Amino acid sequence: MSASQPTIAAIATAPGRGGVGVIRLSGKNLLPLAQTLSGGKTPKPRTALYTDFLGGDGQPIDNGILLYFAAPASFTGEDVIELQGHGSPVVMDMLLSRCLELGARMAEPGEFTKRAFLNNKLDLAQAESVADLIDASSKSAARMALRSLKGAFSQHIHELVDDLITLRMLVEATLDFPEEDIDFLEAADARGKLQALQGRLKTVLASAEQGAILREGMNVVLVGAPNVGKSSLLNALAGDDIAIVTDIAGTTRDTVREQITLDGVPVHIIDTAGLRETDDVVEQIGIERSRKAVSEADVALILIDPREGVNAKTQAILNSLPEGLKKIEIHNKADLTGEPVAVRSDGLAQTGAETVISLSAKTGAGLDLLKHALLQEVGWQGESESLFLARSRHLNALHEAETELENAALCDNNQIELFAEHLRLAQNACSEITGEFTADDLLGVIFSRFCIGK
């Protein structure tokens, strides 16, 4: 990284009042700046210095702890200063302004972590896990993000890349000796090594897919004719009166959202306005938002009254659902209908769903069956120490590598050059995950999604 990079500064704590507020700076040769802020005191690296933080007029802005981390032994690999003062937004703004007066500029979102990546303190997968740890919405997600930050995911990727490099060396070495290439590759068991690589990649991909479920969670929409019990089911799942429940059709006039956690997986539940034709302008807006929520959902819970079955209103809703959307048919109000609480996968669903669950949102009977079914729909197999959080770009790269290895396996003994090219492309795909082979524009997109000060 260029030594001409400017000093950056940002408030590293969340907005609002707090007992402590932190301002972070990173750059080259920050010791003079630390001395100016502290009135001439010289902080020792990695040792807390209690001091006043002085303004340009020499008067204290605040007092607190100054920490100085000398390069390269810091998060970013540059000199880093942390000013830990009182968590008043006014005080933090005044102290940040003083840092800017002394030559720093405002940090961009994710710029501290980006510098850590560019200075080889973190690879790209570890850098992304910093944001994942901050954004974790469950204990399981936080644990898995920390595993990725410590390098668990990266280690698997590096092992894949190392094995790919070894196989590429064997294959490409034969290109200079075409008359001996087949015998050489057979003696080196190149095909066996390729199969082993495919098996290892499959294992990593399976863990990454589970980690993606943990990171992204699932979007679940409640759909059905008006007054079929969607709001009651939302309240039962949330354990609180989130949505208004009445016997009047059209009570829910907008989408109502709530998040719950099932076995560590965040589940975003959306109660939709009853999808129907209406002249009510306000309700029409709610229905349009409901249609958008349905288009973005992973699973739809379709509520029907088993006493009526799929009536015209319900059929109209079914016709509007996206093709391929996973569906679970819900027979609510089991306490009124006398239908036994149960889960069925016997092909008798009236809505085309693979699973039918009879339950009572009012009494809570059958809710555990529904929660288990939701986890099954997204393929969640439970938390384990082999999991790590993964993003869609990680999955895309792994799938691309998997395809290239499959293509390599299809090459015959007279297509050594093509075999070698597929291995090279598979290596590039894996290296994109850790940032060893990454376009600069992708870096900009990744780090722009971080919070400022991290």
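Keep in mind that this is a model prediction, so the values were computed, not measured.

Calculation criteria
Residues numbered from 1 in each chain as written. Predicted model: local features only at pLDDT ≥ 70, side-chain atom pairs only at ≥ 80, totals over all residues. Heavy atoms only, no water. Helix = DSSP H or I, 4+ residues; strand = E, 2+ residues; numbered from the N terminus. Buried < 20%, exposed > 50% of the residue type's maximum accessible area, 1.4 Å probe, protein only. Polar contact = N/O pair within 3.5 Å; in protein donor to acceptor, adjacent residues only side chain to side chain. Contact = heavy atoms within 4.5 Å. UniProt positions renumbered as here; feature names shortened; annotations may be inferred. 1 Å grid on protein atoms, 1.4 Å probe; cavity = no way out; pocket = protein on both sides within 12 Å on 5 of 7 lines; lining within 4 Å. Pairing = 2+ DSSP bridges. Expected span 1.5 Å × (residues − 1). Arc of directions from axis to C-beta. Axes fitted to C-alpha atoms, helices over the stretch in contact; angles between N-to-C directions. Points joined across faces, edges and corners; volume = space filled by probe spheres on them. Nonpolar A, V, L, I, M, F, W, Y, C, P; charged D, E, K, R; others polar.

## Some details on the side chain of Thr-51
- Turning to its location among the elements, Thr-51 is positioned in strand β3 (residues 49-54).
- Look at Thr-51 and you get buried, because its relative accessible area is 2%.
- Among the polar contacts listed, one links the side chain of Thr-51 to the side chain of Lys-41, at a separation of 3.4 Å.
- If near-sequence neighbours (up to four positions away) are discounted, Thr-51 is found in contact with Ser-38, Lys-41, Asp-62, Asn-63, Gly-64 and Leu-66.

## Some points on the UniProt feature "binding site: (6S)-5-formyl-5,6,7,8-tetrahydrofolate" (unreviewed entry) in the chain
- UniProt feature "binding site: (6S)-5-formyl-5,6,7,8-tetrahydrofolate" (unreviewed entry): in the numbering of this structure it lies at Arg-24, Glu-82, Lys-121 and Lys-454. Of the residues annotated just before, the second largest pocket has Lys-454 among its lining.
- Structurally, the position occupied by Glu-82 is in strand β5 (residues 79-87).
- On the accessibility criterion, Glu-82 (15% relative accessible area) is buried.
- Excluding residues that lie within four positions of it along the chain, Glu-82 makes contacts with Val-22, Ile-23, Arg-24, Ile-65, Leu-66 and Leu-67.
- A polar contact is formed between the side chain of Glu-82 and the side chain of Arg-24, at a distance of 3.2 Å.
- Structurally, the position occupied by Lys-121 is in the loop between α3 (111-118) and α4 (124-135).
- A relative accessible area of 37% places Lys-121 in the partly exposed class.

## Some remarks on the pairing of strand β9 (residues 265-271)
- Among the seven residues that make up β9, six are buried, leaving the element largely enclosed by the rest of the structure.
- Bridge count for strand β7 (residues 218-224) against β9 is five bridges, and the pairing is parallel. Counted as the bridge partner of Asn-219 is His-268 from β9.
- Looking at chain direction, strand β8 (residues 256-262) and β9 are connected through seven bridges and run antiparallel. Looking at β9, one finds that Leu-262 is bridged to Val-265.
- In this structure, the hairpin formed by β8 and β9 is closed by a connection of two residues, where Asp-263 is found at a positive phi of approximately 50 degrees.

## Some remarks on unusual backbone geometry
- Geometrically, the link from Ala-71 to Pro-72 is a cis peptide bond, its omega value of 0 degrees lying close to zero.
- Even without being a glycine, Arg-46 presents a positive backbone phi close to 60 degrees.
- Of note, Arg-46 is situated in the loop between α1 (31-37) and β3.
- In the Ramachandran plot, Asn-120 falls in the positive-phi region, its phi being about 60 degrees despite a non-glycine side chain.
- Structurally, Asn-120 is set in the loop between α3 and α4.
- By relative accessible area, which is 71% here, Asn-120 ends up exposed.

## Description of helix α2 (residues 89-101)
- When the terminal C-alpha atoms of α2 are compared, their 18 Å separation across 13 residues agrees well with the 18 Å that a helix rising 1.5 Å per residue should span.
- Among all positions of α2, only Val-91, Met-92, Leu-95, Leu-96, Arg-98 and Cys-99 are buried. Burial along α2 is one-sided: seen end-on, the buried residues are contained in an arc of 155 degrees. For α2, exposure combined with an orientation more than 90 degrees from the buried face picks out Val-90 and Glu-101.
- Of the residues one or two after α2, Gly-103 is the one with positive phi, at around 110 degrees.

## A closer look at the environment of Leu-303
- Mapping Leu-303 onto the fold places it in strand β10 (residues 299-304).
- For Leu-303 and Asn-332, which are 29 residues apart along the polypeptide, the C-alpha to C-alpha distance reads 6.7 Å.
- If sequence neighbours within four positions are ignored, Leu-303 has contacts with Val-223, Gly-224, Ala-225, Val-228, Gly-229, Lys-230, Leu-233, Ile-330 and Asn-332.

## Looking at the sheet that holds β5
- The six strands lie next to each other as β3-β4-β5-β2-β1-β6, forming an open sheet whose pairing is mixed. In this open sheet, the two strands that pair with only one neighbour each are β3 and β6 (105-106).
- Relative to strand β2 (residues 18-27), strand β1 (residues 8-11) runs antiparallel, the two sharing four bridges. Bridge pairing in β2 places Ile-8 opposite Ser-26.
- On the sheet, α2 packs against β1, β2, β3, β4 (60-69), β5 and β6 and is oriented at approximately 15 degrees with respect to β2.

## A short note on the layout of surface pockets
- A volume near 260 Å³ is recorded for the second largest pocket.
- Lining the second largest pocket are 18 residues, and of these Ile-11, Thr-13, Ala-14, Pro-15 and Gly-16 lie nearest its centre.
- In the lining of the second largest pocket, the residues fall into nine nonpolar, six polar and three charged.

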